[in-house]
Amino acid sequence: AVVSTQSTGELVLCGLNIIDRVDWRRNTQYVNFAERDDMIVWFWEILDGYTQEELFTLLKFITGYSRVPHGGFAQFASISSSGPIKISRGNGTEENLPKSSVCFNLLLLPVYSSKEMLRDRLHTAMTYASVGFDQC
């Protein structure tokens, strides 16, 4: 027997209450980055250390959604015209914070010189999310 902590109705209406990092990574596209670039490697290493609460905060910063759609991250491509989650090289210097455009499920990352700097800037951006949101 399958034991579920989330009712079917809640799952369909509200989405998943656990973030699967492997699913997120598998369903993320890169713009002006390659999966093997330091910035992308560091990004996933940082997320590997995040709590579920921090992951949901970052998800909301990037997509505007507070939960993962039923069916996982692949569903972002089909639930709206925003498409899948994308990480793109952002403009600016390493002094700039990452930005997001929730209309496009897009995270814009300036190039940082270290994983620690990326961690710090990403944490600041997602904690003070109103700074990074583009208007639709």
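A. Structural view of the packing of helix H3 (residues 38–48) against helix H6 (residues 115–127). Relative orientation of the contacting elements H3 and H6 amounts to 60°, with a least axis distance of 10 Å. The angle between H3 and H6 falls in the class oblique. In this structure, H3 meets H6 at a crossing whose hand is right-handed. Two secondary-structure elements touch here, H3 through Met39, Trp42, Phe43, Glu45, Ile46 and Leu47 and H6 through Lys115, Leu118, Arg119 and Leu122.

B. Quick peek at the confidence of the model for the chain. Residue-level pLDDT values for the chain average 85, and 82% of them are 70 or greater. Element-level mean pLDDT values for the chain span from 46 in helix H1 (residues 8–14) up to 98 in H3. Below a pLDDT of 50 lies the segment residues 9–13, which in the model reaches 6 contacts outside its immediate sequence neighbourhood of four places, other chains included. Low confidence marks residues 131–136, where pLDDT is under 50. Its contacts with residues over four positions away, or in another chain, come to 14 contacts.

C. Spatial organisation of the pattern of salt bridges. As enumerated under the stated definition, the model contains 6 salt bridges in all. Glu45 is the salt-bridge partner of Lys115, the closest N and O atoms lying 2.9 Å from each other. Separated by 70 residues along the polypeptide, Lys115 in helix H6 and Glu45 in helix H3 bring together distant segments of the chain. Given a relative accessible area of 37%, Glu45 falls into the partly exposed group. The closest approach of N and O atoms between Arg121 and Glu95, which form a salt bridge, is 3.5 Å. With Arg121 in helix H6 and Glu95 in the loop between strand E2 (85–89) and strand E3 (99–101), the pair connects residues that are 26 residues apart, well separated along the chain. By relative accessible area, Glu95 is classed as exposed at 57%. Via salt bridges that share partners, Glu95, Asp120 and Arg121 belong to a single interconnected network.

D. Focus on unusual backbone geometry. A positive phi angle, near 60°, is found at Asn32, a position not held by glycine. Position of Asn32 relative to the elements: it lies in the loop between strand E1 (28–31) and H3. With a relative accessible area of 57%, Asn32 lands in the exposed category.

Conventions and cut-offs
Residues numbered from 1 in each chain as written. Predicted model: local features only at pLDDT ≥ 70, side-chain atom pairs only at ≥ 80, totals over all residues. Heavy atoms only, no water. Axes fitted to C-alpha atoms, helices over the stretch in contact; angles between N-to-C directions. Helix = DSSP H or I, 4+ residues; strand = E, 2+ residues; numbered from the N terminus. Parallel < 35°, antiparallel > 145°, perpendicular 65-115°, else oblique. Left-handed = near helix turned anticlockwise from the far one by under 90°. Contact = heavy atoms within 4.5 Å. pLDDT = per-residue confidence, 0-100. Salt bridge = Lys/Arg side-chain N within 4 Å of Asp/Glu carboxyl O. Buried < 20%, exposed > 50% of the residue type's maximum accessible area, 1.4 Å probe, protein only.

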